[in-house]
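Given next are the chains, with one letter for each unit.
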Amino acid sequence: MTQKTLTYDDLQIVPADIYEQMGYRDQQPDESTIREVNFVINHVRAWVKPEFCFFVARDLPPFEMGRIIERQLRGSEAYAFFICTAGLAFEQFQQRLKKENDMVRIFIADALGSVIAEKCADRMEEMLQESIDKLGWHHTNRFSPGYCGWHVSQQQRLFPLFHGVTCGVTLTVSSLMVPIKSVSGIIGLGKDVRHLDYTCGLCDFKQCYKRKKRA
């Protein structure tokens, strides 16, 4: 099992990442929104501790992932199972904002939390690739329960594989992760697998938020 705790600066987040998550694409937010985003960033930067853990196994458990993911994992010689999270402190920060009913900062924090979790997963992928470079292996895209036909309830099969070492992330009875700004899933590894830059072409789920973001 590989575990690592990161800082905000380790994530290499730029404001444009947050603006895009907030829905801005070809236009800049207004000055008041930029000020609010910067305020939230500067507040969070001091204490947020994103964390990831992953392990590699040769065998694929009996998941029901659907044809899209199964096709992309074909040819894998091993599999990495991962959990990445913005952390409990960030979850508590979001809850405080909700109690204060600060709708602007609630919206910004929601976007920022999603970016933190995804960037944490990016750093996890980089460390994973470093660990398999010596084998001449590559890795696939990361795939998570809840997307590409892999039902979110399959989290209940994924999490026990970590034997309690889950970076503090737990599951609700409905298979949602807590802290909610977390990412989990699987990555295929091997000499004959590949990472694709644009994954929306793989998936036929028309309502996916990632598809909407890239539209």
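Residues numbered from 1 in each chain as written. Predicted model: local features only at pLDDT ≥ 70, side-chain atom pairs only at ≥ 80, totals over all residues. Heavy atoms only, no water.

Caption draft 1: Looking closely at the packing of aromatic side chains. Summed over all chains, the structure comprises eight aromatic pairs. Ring geometry for W47 against F93: centres 5.5 Å apart, planes inclined by 65°, an arrangement best described as edge-to-face. With W47 in the loop between helix 2 (31-45) and strand 2 (51-57) and F93 in helix 4 (residues 88-100), this residue pair connects regions lying 46 residues apart in the sequence. Under the relative-accessibility criterion, F93 is labelled buried at 6%. Look at F159 and F162: their rings are 6.4 Å apart centre to centre, the planes differ by 50°, and that puts the pair in the tilted class. Both residues of the pair, F159 and F162, belong to the buried class. An aromatic cluster of at least three residues, connected via ring pairs, comprises F55, F63, F81, W150, F159 and F162. Looking at R105, its charged tip hangs above the ring of F39, at a distance of 3.9 Å from the centre. (Phe/Tyr/Trp six-rings, centres within 6.5 Å; stacked < 30°, edge-to-face > 60°. Helix = DSSP H or I, 4+ residues; strand = E, 2+ residues; numbered from the N terminus. Buried < 20%, exposed > 50% of the residue type's maximum accessible area, 1.4 Å probe, protein only. Lys NZ or Arg CZ within 6 Å of the ring centre and 35° of its normal.)

Caption draft 2: Summary view of the pattern of salt bridges. By the definition in use, this model includes 10 salt bridges. Note that K181 and D110 form a salt bridge whose closest N and O atoms lie 3.0 Å from each other. Of this pair, K181 sits in the loop between strand 6 (177-178) and strand 7 (182-190) while D110 sits in helix 5 (residues 103-132), placing them 71 residues apart in sequence. You can call D110 partly exposed: its relative accessible area is 36%. One salt bridge in this structure joins D122 and R142, with 3.0 Å as the shortest N-O distance. In this pair, D122 is assigned in helix 5 and R142 in strand 4 (residues 138-143), connecting sequence segments 20 residues apart. A residue is classified by how much of its surface remains accessible, and R142, at 18% relative accessible area, is buried. (Salt bridge = Lys/Arg side-chain N within 4 Å of Asp/Glu carboxyl O.)

Caption draft 3: The side chain of S175, seen in detail. Here S175 lies in the loop between strand 5 (170-171) and strand 6. We classify S175 as buried; its relative accessible area is 4%. One polar contact links S175 to Q156, side chain to side chain, over a distance of 3.1 Å. For S175, the contacting residues outside a window of four places in its chain are V152, S153, Q155 and Q156. (Polar contact = N/O pair within 3.5 Å; in protein donor to acceptor, adjacent residues only side chain to side chain. Contact = heavy atoms within 4.5 Å.)

Caption draft 4: View of the nonpolar core. Core analysis: the largest hydrophobic core is formed by 39 residues, its most contacted members being Y8, I18, V44, F90, L112, I116 and L189. For this core, the secondary-structure elements that each account for two or more residues are helix 1 (15-22), helix 2, strand 2, strand 3 (78-85), helix 4, helix 5 and strand 7. Residue contributions to this core peak at 13 residues, all from helix 5. Residues contacting V44, with those up to four places away along its chain left out, are Y8, F90, F93, L112 and I116. Within the second largest apolar cluster, 20 residues are counted, among which are M65, L158, F162 and I186. (Core = buried A, V, L, I, M, F, W, Y, C linked by side-chain atoms within 4.5 Å.)

Caption draft 5: Here's a closer look at the sheet that holds strand 3. Read across the sheet, five strands follow the order 1-2-3-7-4 without closing on themselves; strand pairing throughout is antiparallel. Where the open sheet ends on each side, the last strands, each with one partner, are strand 1 (2-5) and strand 4. Neighbour-to-neighbour, the strand axes of this sheet turn through a mean angle of 20°, independent of strand direction. Where strand 4 and strand 7 come together, four bridges link them in antiparallel fashion. (Pairing = 2+ DSSP bridges. Axes fitted to C-alpha atoms, helices over the stretch in contact; angles between N-to-C directions.)

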